[in-house]
Amino acid sequence: MFLLLALHVGCTPSCKQVCEKLVTCEDDGTERMPEAECTETCQDQQALYDDWTDVDKRDAFDAELTCLYDASCDDIAGGSCYDERVWSF
C-alpha cells in the first residue's frame, strides 16, 4: 500500500481519471458533460497549454486536476478547485 501511495505522490491524475471522478459527483437533475466529452475537452486543453509552452498555465491545470481528483464532491461543488488562471473565460 505504501508503494501505491508513493507512486501517486507527485503524479498528476489523467484527464480520464478526473472525468470518471467528476461523473460520480453528478447531482440529481444536473445536466453534466458525459465522461467521454469531459476527457476529450480536458486533453484538448492540456495539448493547448503544451503547444503554447505555457508552463504556468500547465502547472495550474495539473494542480487543478490533482485537486479535483483528491477533493470530495461537496468541495468540488463549492468551487474549492476553481482556478481563474485555468478557467479565465
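Preceding this paragraph is the structure being described.
In this report, we go over the structure that sits alongside the text.

Calculation rules
- Residues numbered from 1 in each chain as written.
- Predicted model: local features only at pLDDT ≥ 70, side-chain atom pairs only at ≥ 80, totals over all residues.
- Heavy atoms only, no water.
- Axes fitted to C-alpha atoms, helices over the stretch in contact; angles between N-to-C directions.
- Helix = DSSP H or I, 4+ residues; strand = E, 2+ residues; numbered from the N terminus.
- Parallel < 35°, antiparallel > 145°, perpendicular 65-115°, else oblique.
- Left-handed = near helix turned anticlockwise from the far one by under 90°.
- Contact = heavy atoms within 4.5 Å.
- Nonpolar A, V, L, I, M, F, W, Y, C, P; charged D, E, K, R; others polar.
- Buried < 20%, exposed > 50% of the residue type's maximum accessible area, 1.4 Å probe, protein only.
- Arc of directions from axis to C-beta.
- Salt bridge = Lys/Arg side-chain N within 4 Å of Asp/Glu carboxyl O.
- Disulfide = S-S within 2.5 Å.

**Some points on the packing of helix α2 (residues 15-24) against helix α3 (residues 35-52)**
Here is step 1: Between α2 and α3, the shortest axis-to-axis distance is 9 Å and the interhelical angle comes to 140°. The angle between α2 and α3 places the two elements in the oblique class. Where α2 crosses over α3, the handedness of that crossing is right-handed. Of the residues in α3, those in contact with Cys-15, Lys-16, Cys-19, Glu-20, Leu-22 and Val-23 of α2 are Glu-35, Cys-38, Thr-39, Cys-42, Gln-43 and Gln-46.
Here is step 2: Across the contact of α2 with α3, the residue classes break down as six nonpolar, three polar and three charged.

**Looking at α2**
Residue pairs three or four apart in sequence face the same way in an α-helix, which turns once every 3.6 residues.
Here is step 1: Taken together, the buried positions of α2 are occupied by Cys-15, Val-18, Cys-19 and Lys-21. Down the axis of α2, the sector holding all buried residues measures 160°, keeping them to one side.
Here is step 2: Where α2 is buried, its residues touch α3, α4 (55-70) and α5 (73-77).

**Thoughts on the pattern of salt bridges**
Here is step 1: On inspection of all chains with the given rule, the structure shows five salt bridges.
Here is step 2: Asp-50 is paired through a salt bridge with Arg-58; the nearest N and O atoms lie 2.4 Å apart.
Here is step 3: What makes Arg-58 partly exposed here is its relative accessible area of 21%.
Here is step 4: A salt bridge links Arg-85 to Asp-83; the shortest N-O distance between them is 2.7 Å.
Here is step 5: The structure contains a network of salt bridges with shared partners spanning Lys-16, Glu-20 and Glu-35.

**A look at the state of the cysteines**
Here is step 1: By the definition in use, this model includes four disulfides.
Here is step 2: Through a disulfide, Cys-15 is tied to Cys-42; the S-S separation comes to 2.0 Å. When the S-S torsion is -70°, as for the bridge of Cys-15 with Cys-42, the disulfide is left-handed. Of this pair, Cys-15 sits in helix α2 while Cys-42 sits in helix α3; the two residues are 27 residues apart in sequence, bridging distant segments of the chain. Cys-42 carries the same exposure label as Cys-15, and that label is buried.
Here is step 3: For Cys-67, the disulfide goes to Cys-81, at an S-S distance of 2.1 Å. Since a negative S-S torsion denotes a left-handed disulfide, the Cys-67-Cys-81 link at about -75° is left-handed. Pair noted here: Cys-67 is in helix α4 and Cys-81 is in the segment after α5, with a separation of 14 residues, a long-range link.

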